[in-house]
Structures are given as C-alpha cells and as structure tokens.
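Read off the chains here:
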Amino acid sequence: MAATEVARQSTDSARNLSLSGHVGFDSMPDQLVNKSVCQGFCFNILCVGETGLGKSTLMDTLFNIKLESDPVAHNQPGVHIKSSSYELQESNVRLKLSIVNSVGFGDQINKDESYKSIVEFIDAQFEAYLQEELKIKRTLHNYHDSRIHVCLYFIAPTGHSLKSLDLVTMKKLDSKVNIIPIIAKADSVSKNELQKFKIKIMSELVSNGVQIYQFPTDDETVAEINGIMNAHLPFAVVGSTEEIKIGNKMMKARQYPWGTVQVENENHCDFVKLREMLIRVNMEDLREQTHARHYELYRRCKLEEMGFKDTDPDNKPFSLQETYEAKRNEFLGELQKKEEEMRQMFVTRVKEKESELKEAEKELHDKFDRLKKLHQDEKKKLEDKKKSLDDEINAFKQRKSAAELLHSQAQQSGSQQTLKREKERKNNPWLCTE
C-alpha cells in the first residue's frame, strides 16, 4: 500500500523537461500503426431484422463484394444464428470480417423469445473472451476476437411506428452491443413519410429507454461530422449490387419502371452516410466501445457473481488470494453440505426401498398363505368328491353284482322249467297231440 502511494506521488510530481535535441520517441504513433497493420484488424457485424429486408444485399453493397449467402425461407421453426467470416484486404490493410445473421427472426407466430438466441450468442462471445483472459497463459495477441462490435438493426419500412418486437429486442441488446438502427428498403416510402417515420422511431426509442449507439463527439477531428450524423439516425438505406449506366458512369442502383434509385446518391438514401460512419470514421470507436463499455459490463457482472470485488468492507484493496481462499472454503462447504444432503437422501431412499420391499414381501407371504389355504380347500373338496365317487362306484358294483346274480338265477330257473316241460312231454305223448 505504501509503495503504491509513493509511486503515485512520484508520478504526480514528475517534472516537465525540454529536450535539447531529437530523441526519437515521436515515432511511437508510426510504430503503433506499423504493428497494427502487420497484425491486421477484425470487425464483427450482427444483422438483426425480419427475413426479406435485404440484410445480405446491404452487406454486399457496403463492402463492395459478393459475400456468400443463401436465401432464407420464411418457414424457420425458430431463430438461429449463422456466422460467416471473410478475409478482406484494401491497400496493405487486412481485415477479418465476420457477418452474423439472425436467421428466421420475426418469422414465428409466437415472437416472445425471438431475442433470446441473439442475446445468448453475444454473451457466449463475451464469455469466450473472458475465459481467455482468465487463463494463466494467455494468448490474446493471437486470439480471434469474435465479440460483436456493432448491431445493424433493420426496421421494416412500414411508415407508422416500431413493432413491439423491435422495441423489446433493442431494449435487450442495448447494454450488450452498439446498436445502429436502419430503415431497410427506404425506396418504398416517400421522402415526407420517411422523415416523419424517422422522427417517430427516435421518439419511441427515447420514450422506451432504448440506448442506441451515438457517434462520438469528443474527438475534435470527427466531432462536427459525427454531431451532424447523429441527427440523421436512423439511416434510411437502399442496397444493390447491380450496376446501371447513368449518364457516362456505371453506378449501383435499383431500376424500377417509374425511375432509378441510386444507392450512392445522398438525395436518394442514406447509404453513403452509413458507410461513412460505420467504416470510414467510427469503426475503431465501435471496437473500443465494445471492449471498454459492453464487455467490461459483462466482465464486471460475471466477476461479482464469482465473489470478486475491488475493495473489501473496510475499503481496502481486495486480495485475490483471500478471495480465492474464501471462495474455495465456500465451495468446499457447499460441497460438503451437498454431500451430506445426498447421503441423507440416499439413506432415506434406502429405508423407503427396504420398507417397500418388506411390504411387498408381506404381501407375497399373505398371497402365498391365501393360495395355500385355497389349495388345501380345493384338495379337500376333491378328496371328498373322490370318496363320494368311490362310494357310488362300490354301490354301483354291488347293485350290478346283485342284478347279475338275479339274472343268472332267473336263467337257471327258466332252464329248469323248460327241461321239466320237455320231460313231461316225453312221458305223456297226449300232451303233445293236444
């Protein structure tokens, strides 16, 4: 603490000296430029808007190249994020451009959660950068920064007011990304209606507390043009990759039966203003705002969730070691508590299972006893029935024997009578004549 205070005092008390000759540290800006040119730059654009508003066409027009993009149908089951990266070079400056498109945005009947996948994607890029920062061995100089630097929000040219989906989505995104609202396909609205539409949009954004990106005016070199351009928001743009001969020049335009809309004519649309502000004047500020404002907000919230603070309750510098130990002890305590809860839950479930098994065993024994008794009753009934049948069989045999005896006696009696009559006939022949 004392060493830090001494260093601060020594810095504040530094003397101003005049050099007596050329030293050379005035070449620092040139060194930074050379280093930046050697490393190259990256710029990530998020395009949010309903399908069919010309997002891909505008990107092709902005960078004067045909970017690969497939047309999207209106029957997407949900909103998903599609990211495409391109390596561009202009003069000796290399740019890694990433175009992120929200496919299927606004196409569903239920649009309540259309913004969620977009917010999750932006947070995922912040989280990836934060994880790289928290590594012991960091390689941020070679890390591909995928954080979104600007969100071009495409507004349908209805001429009336913003849709509730637009307001909700921009409100969810304004703390996470630099938003530049754009009126798409502005050639479908008349100039008077377009101006009223712009005023209506800005009024609704202010009344709903939506913070859009304001071009910086603190730098004197761009303060004037940025101040003027802030008054032109939202930009009303028209995109086209077709070149039409107008006079003696080939120009990007859209040809209609009733006339031609020139993309780069400021009297026809604000495409030139958008390109000037987005790429030629404020691209670096957009990158800086993404890191210094939106990413820092995300980083602060995440570290506060993890228990890190700048100062302790006594307003002393917060010790990383103490924080680590406190979080470690807290984690171990929670782990032990959860382990004890799981053990108790396991014991409870084992007891419940044992009780269930005992009940099932008792039910099985009762069922066995019932079946055994039923079996014995059935067996007794069968034995009684068998005995009854045996008695009936014996009685039947006795009756049969008696019947056979009577029958044999009757036969014997008959045969004796027959023999007697035969004998009588032989002894008395007159009996036969008669």
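Caption draft 1: Region of the structure containing the overall build of the chain. From N to C terminus, the chain includes 11 helices and nine strands. Against the 2.2 N^0.38 benchmark of 22 Å for 434 residues, the chain shows a C-alpha radius of gyration of 50 Å, more extended than a compact globule. Overall, the chain is about 190 × 80 × 45 Å in size when its C-alpha atoms are taken along their principal axes. Counting over 434 residues, the chain shows a buried share of 30%. For the chain, the share of sequence-separated contacts (at least 6 apart) that also reach a separation of at least 24 residues comes to 67%. On the chain, roughly 30,300 Å² of surface is accessible, and the fraction owed to carbon and sulfur atoms is 52%. The average position of the 65 basic charges and that of the 69 acidic charges among the side chains of the chain differ by 10 Å.

Caption draft 2: Region of interest: helix H9 (residues 283-305). The end-to-end C-alpha separation of H9 is 32 Å, in line with the 33 Å expected for 23 residues at 1.5 Å each. At Tyr 295, H9 shows its strongest bend, of approximately 35 degrees. Listing the buried residues of H9 in full gives Met 283, Asp 285, Leu 286, Thr 290, His 294, Tyr 295, Tyr 298 and Leu 303. Close packing links the buried residues of H9 with strand S1 (41-48), helix H4 (116-133), strand S4 (150-155) and helix H8 (271-281). A positive phi of about 100 degrees marks Gly 307, the residue just after H9.

Caption draft 3: Region of interest: the pairing of S4. Here S4 lies mainly inside the structure; six of its six residues are buried. The alternating pattern of S4 places Val 150, Leu 152 and Phe 154 and Cys 151, Tyr 153 and Ile 155 on opposite faces, both of which are buried. Looking at chain direction, S1 and S4 are connected through four bridges and run parallel. Pairing of Ile 45 across the sheet is with Val 150, part of S4. Here five bridges tie S4 to strand S5 (residues 179-183), and the two strands are oriented parallel to one another. Within S5, the residue paired with Ile 155 across the bridge is Ile 183.

Caption draft 4: How the structure looks around the side chain of Thr 169. Tracing the backbone through its elements, the reader meets Thr 169 in helix H5 (residues 164-173). Residues within four places of Thr 169 in sequence aside, it is in contact with Val 48, Phe 105, Tyr 115 and Tyr 153.

Caption draft 5: Structural context of the sheet that holds strand S7 (residues 243-246). Taken in spatial order, the three strands of this open sheet run S7-S8-S9, and their pairing is antiparallel. What marks the edges here is a single partner per strand, and that holds for S7 and strand S9 (259-262). With strand direction ignored, the average angle separating the axes of adjacent strands in the sheet is 65 degrees.

Caption draft 6: View of the pattern of salt bridges. Tallying each qualifying case throughout the model produces 20 salt bridges. A salt bridge links Lys 198 to Asp 270, with the shortest nitrogen-to-oxygen separation between them at 2.6 Å. With a gap of 72 residues between them, Lys 198 in helix H6 (residues 191-207) and Asp 270 in the loop between S9 and H8 connect regions that are remote in the sequence. The pair Lys 198 / Asp 270 is uniform in exposure class, with both members buried. For Glu 284, the salt bridge goes to Arg 287, with nearest N and O atoms at 3.0 Å. With Glu 284 and Arg 287 both in helix H9 and three residues apart, the pair spans about one turn of that helix. By relative accessible area, which is 21% here, Arg 287 ends up partly exposed.

Caption draft 7: Region of interest: the side chain of Asp 60. Mapped onto the elements, Asp 60 comes out in helix H3 (residues 55-62). Judged by its relative accessible area of 4%, Asp 60 is buried. Filtering out sequence-adjacent residues up to four positions away, Asp 60 remains in contact with Ile 65, Lys 66, Leu 67 and Thr 241.

Caption draft 8: Quick peek at the packing of helix H7 (residues 220-230) against H8. The contact between H7 and H8 brings their axes to 11 Å, and the two run at 140 degrees. Taken as axis vectors, H7 and H8 run oblique relative to one another. In the crossing of H7 with H8, the sense of the turn from one axis to the other is left-handed. Counted together, Val 222, Ile 225, Asn 226 and Met 229 of H7 and Lys 273, Glu 276, Met 277 and Val 281 of H8 form the full contact between these two elements. In the contact of H7 with H8, the residues fall into five nonpolar, one polar and two charged.

Caption draft 9: Inspection of the layout of surface pockets at higher detail. Size it by volume and the largest pocket reaches roughly 960 Å³. Around the largest pocket, the lining comprises 32 residues; the ones closest to its centre are Glu 90, Leu 95, Ile 279, Arg 280 and Met 283. At the level of secondary structure, the elements contributing two or more residues to the lining of the largest pocket comprise S1, H3, strand S2 (80-90), strand S3 (93-103), H7, H8 and H9. With six residues, H9 is the single largest residue contributor to the lining of the largest pocket. Of the residues contributing to the lining of the largest pocket, the split by class is 13 nonpolar, six polar and 13 charged. Size it by volume and the second largest pocket reaches roughly 700 Å³. Looking at the second largest pocket, it is lined by 24 residues, and the ones nearest its centre are Gly 40, Cys 42, Tyr 143, Asp 145 and Arg 287. Put simply, the parts of the chain that give the lining of the second largest pocket at least two residues each are helix H2 (28-39), S1, S3 and H9. Looking at the lining of the second largest pocket residue by residue, the classes come out as seven nonpolar, eight polar and nine charged.

Conventions adopted
- Residues numbered from 1 in each chain as written.
- Predicted model: local features only at pLDDT ≥ 70, side-chain atom pairs only at ≥ 80, totals over all residues.
- Heavy atoms only, no water.
- Helix = DSSP H or I, 4+ residues; strand = E, 2+ residues; numbered from the N terminus.
- Rg over C-alpha atoms; globule rule 2.2 N^0.38 Å.
- Buried < 20%, exposed > 50% of the residue type's maximum accessible area, 1.4 Å probe, protein only.
- Contact = heavy atoms within 4.5 Å.
- Areas by Shrake-Rupley, 256 points an atom, 1.4 Å probe, with all protein chains shown as cover.
- Lys, Arg positive; Asp, Glu negative; His and termini not counted.
- Charge placed at Lys NZ, Arg CZ, Asp CG, Glu CD.
- Expected span 1.5 Å × (residues − 1).
- Bend = angle between axes of the 7 residues up to and from the residue.
- Pairing = 2+ DSSP bridges.
- Axes fitted to C-alpha atoms, helices over the stretch in contact; angles between N-to-C directions.
- Salt bridge = Lys/Arg side-chain N within 4 Å of Asp/Glu carboxyl O.
- Parallel < 35°, antiparallel > 145°, perpendicular 65-115°, else oblique.
- Left-handed = near helix turned anticlockwise from the far one by under 90°.
- Nonpolar A, V, L, I, M, F, W, Y, C, P; charged D, E, K, R; others polar.
- 1 Å grid on protein atoms, 1.4 Å probe; cavity = no way out; pocket = protein on both sides within 12 Å on 5 of 7 lines; lining within 4 Å.
- Points joined across faces, edges and corners; volume = space filled by probe spheres on them.

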